[in-house]
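Residue-level structural notes
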Amino acid sequence: DTEVTQTPKHLVMGMTNKKSLKCEQHMGHRAMYWYKQKAKKPPELMFVYSYEKLSINESVPSRFSPECPNSSLLNLHLHALQPEDSALYLCASSQGGGLHQPQHFGDGTRLSIL
Amino acid sequence: GESVGLHLPTLSVQEGDNSIINCAYSNSASDYFIWYKQESGKGPQFIIDIRSNMDKRQGQRVTVLLNKTVKHLSLQIAATQPGDSAVYFCAENVGSGGKLIFGQGTELSVKP
(Lines give C-alpha, C1' and ligand atoms only; values in the text may rest on other atoms or scores of the structure.)
Protein backbone atom coordinates (compact mmCIF):
# COMPACT_ATOMS: atom_id res chain seq x y z
CA ASP A 1 0.00 0.00 0.00
CA THR A 2 1.18 3.50 -0.83
CA GLU A 3 1.13 6.43 1.60
CA VAL A 4 -0.14 8.70 -1.15
CA THR A 5 -3.83 8.05 -1.73
CA GLN A 6 -5.52 8.94 -4.98
CA THR A 7 -9.23 8.88 -5.74
CA PRO A 8 -10.98 7.76 -7.77
CA LYS A 9 -8.94 4.84 -9.10
CA HIS A 10 -10.82 4.91 -12.39
CA LEU A 11 -12.78 7.70 -14.07
CA VAL A 12 -14.68 7.77 -17.33
CA MET A 13 -15.97 11.13 -18.49
CA GLY A 14 -17.28 12.83 -21.56
CA MET A 15 -15.59 15.77 -23.19
CA THR A 16 -18.10 18.24 -21.76
CA ASN A 17 -17.98 16.98 -18.17
CA LYS A 18 -16.29 18.56 -15.19
CA LYS A 19 -14.60 16.25 -12.72
CA SER A 20 -11.84 16.37 -10.12
CA LEU A 21 -9.03 14.05 -9.17
CA LYS A 22 -7.98 13.99 -5.54
CA CYS A 23 -4.71 13.19 -3.81
CA GLU A 24 -3.93 12.99 -0.11
CA GLN A 25 -0.80 12.36 1.91
CA HIS A 26 -0.20 12.38 5.66
CA MET A 27 3.57 12.15 5.70
CA GLY A 28 4.02 15.84 6.44
CA HIS A 29 5.42 16.42 2.98
CA ARG A 30 5.36 20.01 1.75
CA ALA A 31 5.83 19.41 -1.97
CA MET A 32 3.21 17.72 -4.14
CA TYR A 33 3.18 16.87 -7.83
CA TRP A 34 0.90 15.86 -10.68
CA TYR A 35 2.20 13.64 -13.47
CA LYS A 36 0.59 12.24 -16.60
CA GLN A 37 1.56 8.79 -17.83
CA LYS A 38 0.52 7.28 -21.14
CA ALA A 39 0.67 3.54 -21.68
CA LYS A 40 4.20 2.14 -22.02
CA LYS A 41 5.68 5.61 -21.45
CA PRO A 42 7.40 7.31 -18.51
CA PRO A 43 5.56 9.74 -16.24
CA GLU A 44 5.66 13.36 -17.40
CA LEU A 45 5.55 16.21 -14.92
CA MET A 46 2.54 18.54 -15.09
CA PHE A 47 2.55 20.66 -11.92
CA VAL A 48 4.57 21.16 -8.75
CA TYR A 49 3.26 22.69 -5.54
CA SER A 50 5.74 23.73 -2.90
CA TYR A 51 4.39 24.86 0.48
CA GLU A 52 0.91 25.04 -1.07
CA LYS A 53 1.98 27.41 -3.83
CA LEU A 54 2.22 26.50 -7.50
CA SER A 55 5.91 26.55 -8.37
CA ILE A 56 6.05 24.71 -11.70
CA ASN A 57 3.50 24.49 -14.53
CA GLU A 58 4.92 22.51 -17.43
CA SER A 59 2.88 24.42 -20.03
CA VAL A 60 -0.18 22.31 -19.26
CA PRO A 61 -3.41 23.26 -21.11
CA SER A 62 -5.86 25.30 -19.06
CA ARG A 63 -8.44 22.51 -19.18
CA PHE A 64 -6.35 21.06 -16.33
CA SER A 65 -6.56 23.20 -13.20
CA PRO A 66 -4.60 22.22 -10.08
CA GLU A 67 -5.49 23.22 -6.56
CA CYS A 68 -3.74 22.71 -3.24
CA PRO A 69 -6.25 23.42 -0.43
CA ASN A 70 -3.77 22.53 2.30
CA SER A 71 -0.46 20.78 2.79
CA SER A 72 -2.05 17.31 2.74
CA LEU A 73 -4.37 17.65 -0.24
CA LEU A 74 -3.91 18.16 -3.95
CA ASN A 75 -6.69 18.32 -6.52
CA LEU A 76 -6.72 18.34 -10.28
CA HIS A 77 -9.85 19.85 -11.77
CA LEU A 78 -10.75 18.67 -15.26
CA HIS A 79 -12.96 20.44 -17.78
CA ALA A 80 -13.57 19.98 -21.50
CA LEU A 81 -10.93 17.30 -21.87
CA GLN A 82 -9.96 15.73 -25.16
CA PRO A 83 -9.64 12.00 -25.98
CA GLU A 84 -5.85 12.36 -26.03
CA ASP A 85 -6.02 13.29 -22.34
CA SER A 86 -6.86 9.68 -21.52
CA ALA A 87 -4.00 8.48 -19.35
CA LEU A 88 -2.92 7.50 -15.86
CA TYR A 89 -2.66 10.57 -13.64
CA LEU A 90 -0.17 10.18 -10.84
CA CYS A 91 0.22 12.23 -7.71
CA ALA A 92 3.47 12.33 -5.76
CA SER A 93 4.81 14.05 -2.69
CA SER A 94 8.20 14.79 -1.18
CA GLN A 95 9.48 16.48 1.92
CA GLY A 96 10.00 19.72 0.04
CA GLY A 97 12.12 22.71 0.79
CA GLY A 98 15.32 21.38 -0.66
CA LEU A 99 17.07 19.10 -3.06
CA HIS A 100 17.79 15.38 -3.02
CA GLN A 101 14.46 14.17 -1.73
CA PRO A 102 12.70 11.23 -3.37
CA GLN A 103 9.16 11.64 -4.57
CA HIS A 104 6.66 9.06 -3.38
CA PHE A 105 3.85 8.18 -5.75
CA GLY A 106 0.26 7.12 -5.42
CA ASP A 107 -1.20 4.40 -7.63
CA GLY A 108 -2.88 6.92 -9.89
CA THR A 109 -6.28 7.60 -11.41
CA ARG A 110 -6.88 5.95 -14.75
CA LEU A 111 -8.81 8.48 -16.80
CA SER A 112 -10.74 7.67 -19.95
CA ILE A 113 -12.27 10.42 -22.08
CA LEU A 114 -15.16 9.38 -24.29
CA GLY B 1 16.74 19.10 -25.18
CA GLU B 2 18.05 17.33 -22.12
CA SER B 3 16.91 13.77 -21.68
CA VAL B 4 17.38 10.66 -19.64
CA GLY B 5 17.31 7.39 -21.54
CA LEU B 6 17.85 3.69 -21.21
CA HIS B 7 20.03 1.43 -23.32
CA LEU B 8 17.68 -1.58 -23.36
CA PRO B 9 13.88 -1.50 -23.42
CA THR B 10 13.45 -5.12 -22.25
CA LEU B 11 15.47 -7.48 -20.12
CA SER B 12 14.75 -11.14 -19.48
CA VAL B 13 16.66 -12.98 -16.73
CA GLN B 14 16.53 -16.33 -15.01
CA GLU B 15 15.35 -16.43 -11.43
CA GLY B 16 18.33 -16.26 -9.11
CA ASP B 17 20.56 -14.46 -11.61
CA ASN B 18 21.72 -10.89 -11.17
CA SER B 19 20.10 -8.15 -13.26
CA ILE B 20 21.67 -4.96 -14.53
CA ILE B 21 19.53 -2.13 -15.87
CA ASN B 22 21.29 0.79 -17.52
CA CYS B 23 20.44 4.44 -17.98
CA ALA B 24 22.16 7.30 -19.79
CA TYR B 25 21.59 10.92 -18.91
CA SER B 26 22.60 14.05 -20.78
CA ASN B 27 22.21 16.87 -18.23
CA SER B 28 25.68 17.24 -16.75
CA ALA B 29 24.32 19.62 -14.11
CA SER B 30 22.00 17.00 -12.59
CA ASP B 31 23.11 16.06 -9.11
CA TYR B 32 20.50 13.59 -7.90
CA PHE B 33 19.14 10.40 -9.43
CA ILE B 34 16.42 7.96 -8.44
CA TRP B 35 15.41 4.48 -9.53
CA TYR B 36 11.74 3.52 -9.49
CA LYS B 37 9.96 0.22 -9.99
CA GLN B 38 6.49 0.25 -11.51
CA GLU B 39 4.32 -2.85 -11.43
CA SER B 40 1.24 -3.21 -13.57
CA GLY B 41 -1.63 -1.12 -12.24
CA LYS B 42 0.54 0.61 -9.65
CA GLY B 43 2.39 3.88 -9.33
CA PRO B 44 6.19 4.12 -9.42
CA GLN B 45 7.75 2.77 -6.24
CA PHE B 46 10.96 4.30 -4.91
CA ILE B 47 13.85 1.82 -4.89
CA ILE B 48 17.05 3.73 -4.28
CA ASP B 49 18.61 7.11 -4.91
CA ILE B 50 22.11 8.51 -5.31
CA ARG B 51 23.65 11.94 -5.18
CA SER B 52 26.27 13.03 -7.67
CA ASN B 53 28.98 13.19 -5.00
CA MET B 54 28.77 9.40 -4.74
CA ASP B 55 29.55 6.70 -7.29
CA LYS B 56 27.92 3.76 -5.57
CA ARG B 57 25.12 3.14 -3.13
CA GLN B 58 23.75 -0.13 -1.86
CA GLY B 59 20.39 -1.14 -0.56
CA GLN B 60 18.73 -4.45 0.13
CA ARG B 61 19.61 -6.60 -2.92
CA VAL B 62 20.04 -3.47 -5.04
CA THR B 63 23.05 -1.37 -5.92
CA VAL B 64 23.11 1.84 -7.93
CA LEU B 65 26.27 2.90 -9.73
CA LEU B 66 26.87 6.38 -11.07
CA ASN B 67 29.56 7.21 -13.63
CA LYS B 68 29.56 10.97 -14.11
CA THR B 69 32.37 10.83 -16.65
CA VAL B 70 30.18 9.07 -19.19
CA LYS B 71 26.85 10.17 -17.70
CA HIS B 72 25.73 6.64 -16.98
CA LEU B 73 23.61 5.17 -14.22
CA SER B 74 22.92 1.52 -13.53
CA LEU B 75 20.75 -0.53 -11.19
CA GLN B 76 21.95 -3.95 -10.15
CA ILE B 77 19.52 -6.40 -8.61
CA ALA B 78 21.04 -9.41 -6.90
CA ALA B 79 19.39 -12.83 -6.97
CA THR B 80 16.48 -11.64 -9.08
CA GLN B 81 13.09 -12.98 -8.05
CA PRO B 82 9.77 -13.26 -9.90
CA GLY B 83 8.48 -10.39 -7.75
CA ASP B 84 11.10 -8.16 -9.32
CA SER B 85 9.30 -8.35 -12.67
CA ALA B 86 8.22 -4.79 -13.46
CA VAL B 87 9.18 -1.72 -15.45
CA TYR B 88 12.17 0.13 -14.02
CA PHE B 89 12.65 3.85 -14.54
CA CYS B 90 15.63 6.01 -13.80
CA ALA B 91 14.84 9.63 -13.01
CA GLU B 92 17.00 12.71 -12.98
CA ASN B 93 16.42 15.70 -10.74
CA VAL B 94 16.66 18.87 -12.81
CA GLY B 95 17.08 22.24 -11.12
CA SER B 96 16.03 23.12 -7.60
CA GLY B 97 12.26 22.92 -7.95
CA GLY B 98 11.82 19.16 -7.64
CA LYS B 99 11.41 18.52 -11.35
CA LEU B 100 12.09 14.89 -12.24
CA ILE B 101 12.75 13.73 -15.79
CA PHE B 102 12.19 10.02 -16.27
CA GLY B 103 13.99 7.70 -18.64
CA GLN B 104 12.00 5.59 -21.08
CA GLY B 105 11.93 2.54 -18.82
CA THR B 106 13.15 -1.05 -18.99
CA GLU B 107 10.77 -3.95 -18.62
CA LEU B 108 12.34 -6.68 -16.51
CA SER B 109 10.96 -10.18 -16.93
CA VAL B 110 12.10 -12.91 -14.54
CA LYS B 111 11.79 -16.50 -15.77
CA PRO B 112 11.25 -19.18 -13.12
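Criteria and cut-off values
Residues numbered from 1 in each chain as written. Chains lettered and ligands numbered in written order. Predicted model: local features only at pLDDT ≥ 70, side-chain atom pairs only at ≥ 80, totals over all residues. Heavy atoms only, no water. Contact = heavy atoms within 4.5 Å. Buried area = accessible area lost by both parts, 1.4 Å probe. Salt bridge = Lys/Arg side-chain N within 4 Å of Asp/Glu carboxyl O. Polar contact = N/O pair within 3.5 Å; in protein donor to acceptor, adjacent residues only side chain to side chain. Helix = DSSP H or I, 4+ residues; strand = E, 2+ residues; numbered from the N terminus. Nonpolar A, V, L, I, M, F, W, Y, C, P; charged D, E, K, R; others polar. Disulfide = S-S within 2.5 Å. Buried < 20%, exposed > 50% of the residue type's maximum accessible area, 1.4 Å probe, protein only. Pairing = 2+ DSSP bridges.

Once that is clear, we can look at the interface of chain A and chain B. At the junction of the two partners, chain A supplies 21 residues and chain B supplies 23 residues. Summing the contributions of chain A and of chain B, the shared interface buries around 1,800 Å²; its carbon and sulfur component is 55%. Across the contact surface, chain A and chain B share 1 salt bridge. Here E58 of chain A and K99 of chain B are joined by a salt bridge, their closest N and O atoms 2.9 Å apart. Here chain A and chain B share 6 residue pairs in polar contact (both at pLDDT 80 or more) between them. Looking at the side of chain A that touches chain B, the elements that each hand over two or more residues are strand 4 (31–37), strand 5 (44–50), strand 9 (87–94) and strand 10 (104–105) of chain A. The element that contributes the greatest number of residues to the side of chain A that touches chain B is strand 4 of chain A, accounting for 3 residues. Here the side of chain A that touches chain B is built from residues that sort into 12 nonpolar, 6 polar and 3 charged.

Below, the discussion takes up the state of the cysteines. By definition, a disulfide links two cysteine residues through a covalent bond between their sulfur atoms. Within this structure, the stated rule accounts for 2 disulfides over all chains. The side chain of C23 of chain A participates in a disulfide bridge whose partner is C91 of chain A; the two sulfur atoms lie 1.9 Å from each other. Measuring the twist about the S-S bond at about -75 degrees, one finds the C23 of chain A-C91 of chain A disulfide to be left-handed. Within this pair, whereas C23 of chain A is found in strand 3 (residues 18–25), its partner C91 of chain A is found in strand 9, the two being separated by 68 residues in sequence. In this structure, C23 of chain A and C91 of chain A share a single accessibility class: buried. Here C23 of chain B connects covalently by a disulfide to C90 of chain B, the sulfurs 1.9 Å from one another. One disulfide, between C23 of chain B and C90 of chain B, carries an S-S torsion of 55 degrees and so falls in the right-handed class. Separated by 67 residues along the polypeptide, C23 of chain B in strand 3 (residues 19–25) and C90 of chain B in strand 9 (residues 86–94) bring together distant segments of the chain. Judged by its relative accessible area of 1%, C23 of chain B is buried. Classification of C90 of chain B as buried rests on a relative accessible area of 0%. Distance from the sulfur of C68 of chain A, which forms no disulfide, to the nearest cysteine sulfur (C91 of chain A) is 9.2 Å.

Time to look at the pairing of strand 9 of chain B. Residue and element names in this part refer to chain B. In terms of burial, strand 9 is largely enclosed, as 7 of its 9 residues are buried. Examined bridge by bridge, strand 4 (residues 32–38) and strand 9 share 6 bridges and lie antiparallel to one another. Paired with K37 across the bridge in strand 9 is Y88. The pairing of strand 9 with strand 11 (residues 106–111) spans 3 bridges and is antiparallel.

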